[in-house]
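Spelled out from the first residue to the last, the chains are:
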Amino acid sequence: MSDSREWTPQAIQAEIDALKHKPGALLPILHAIQDRVGYVPEGAVPIIAESLGQTRAEVHGVISFYHHFRTSPPGRHVLQVCRAEACQAVGARALEAHARARLGVDYHQTTRDREITLEAVYCLGNCACGPSIRVDDEVRGRVTPDAFDALVDELRTQPLEVIG
C-alpha cells in the first residue's frame, strides 16, 4: 500500500452496505475497508458491529486474529517476507532476521521514517524461487540480504523535483 487514504464514517458505511447481505460478510467487509483505506480504523469497529448486529468485541476479535488486517496506517511501502516452509528451507529465517535488523522494526511495525511497514506472509506462491518477498504488489524471488539492502535503499530514495 503506497498511500493511506483518509476515511470517513460514510466511506466505511458504503463498504458495509455493499457487502452486508452476503453470508459471512464480516471478512469481505474488513478486506474492502482495508483495500480502500489501507487499514481498518478503530472508529470503523462500532460502525461494522452495529451494521452486522455483532458486538465490538466480536469484530475486534476477527481483526486481531488475522495478521493480514492492519489497525494503523501502513508506511509508504508494505514489505512482506514469506515465512512458508518452502522459503524457510532456502534461507527465509536468516532473511527475516536481516530484514528486522536492517529496518529496525519487527513484524507489523513501520519504520520511524514512515517509509516501510514490515509484515509476515505465509505463502506468496513463488515457492520455487525462495526466499521470496512482496513489496507493495510486486513479488520478488531469491532475495539475498544484499538484494534486500539494495531494495530498501531504492524504496527510501525519493526523486526531488527541481523547480527552476
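Note that the structure is predicted; figures quoted are calculated from it, not measured.

Domain assignment breaks the protein into domain 1 (9–65) and domain 2 (77–156). Spacing between the C-alpha centres of domain 1 and domain 2 amounts to 28 Å.

Among the residues of helix α1 (residues 9–19), those classed as buried are A11, I12, E15, I16 and L19. All buried residues of α1 fall inside an arc of 140 degrees around its axis, so they share one side. Taken together, the buried residues of α1 touch α2 (26–37) and α3 (44–52).

Time to look at the UniProt feature "binding site: [2Fe-2S] cluster" (unreviewed entry) in the protein. Sequence positions flagged by UniProt for "binding site: [2Fe-2S] cluster" (unreviewed entry) are, in local numbering, C82, C87, C123 and C127. A stretch of 46 residues holds the annotated residues, and the largest C-alpha distance among them is 9.4 Å, short enough that they meet in one place. By relative accessible area, which is 44% here, C123 ends up partly exposed. Ignoring sequence-local partners within four residues, the contact set of C123 consists of C82 and A84. With respect to the helices and strands, C127 occurs in the loop between β3 (116–121) and β4 (133–135). Looking at C127, the relative accessible area reads 43%, which means it is partly exposed.

Moving on, we come to the packing of aromatic side chains. Under the defined criterion, the tally for this structure stands at two aromatic pairs. Aromatic pair F65 and Y66: ring centres 4.9 Å apart, planes at 90 degrees, arrangement edge-to-face. Relative accessible area serves as the criterion here: at 36%, Y66 is assigned to the partly exposed category. Between Y66 and F69, the aromatic rings sit 6.3 Å apart at their centres with planes inclined by 90 degrees, giving edge-to-face as the arrangement. Among the aromatic residues, ring-to-ring pairing joins F65, Y66 and F69 into one connected group.

Structurally, the position occupied by L151 is in helix α7 (residues 145–156). Once residues lying within four places of it in the same chain are set aside, the contact partners of L151 are L79, I133, V135 and R140.

This brings us to the pattern of salt bridges. Going through the model one piece at a time under the given rule, you end up with 11 salt bridges. Across the salt bridge formed by R83 and E96, the nearest N and O atoms sit 2.9 Å from each other. Remark: E96 occurs in helix α6 (residues 92–103) and R83 occurs in the loop between β1 (77–82) and α5 (85–88); sequence separation between them is 13 residues. Judged by its relative accessible area of 26%, R83 falls in the partly exposed class. Here E96 and R100 are joined by a salt bridge, their closest N and O atoms 3.7 Å apart. Remark: R100 and E96 occur in helix α6; sequence separation between them is four residues, near one turn of the helix. If you follow the salt bridges from partner to partner, you end up with R83, E96, R100 and D106 in one network.

The rules behind each value
Residues numbered from 1 in each chain as written. Predicted model: local features only at pLDDT ≥ 70, side-chain atom pairs only at ≥ 80, totals over all residues. Heavy atoms only, no water. Domains from an automatic or database assignment. Buried < 20%, exposed > 50% of the residue type's maximum accessible area, 1.4 Å probe, protein only. Helix = DSSP H or I, 4+ residues; strand = E, 2+ residues; numbered from the N terminus. Arc of directions from axis to C-beta. Contact = heavy atoms within 4.5 Å. UniProt positions renumbered as here; feature names shortened; annotations may be inferred. Phe/Tyr/Trp six-rings, centres within 6.5 Å; stacked < 30°, edge-to-face > 60°. Salt bridge = Lys/Arg side-chain N within 4 Å of Asp/Glu carboxyl O.

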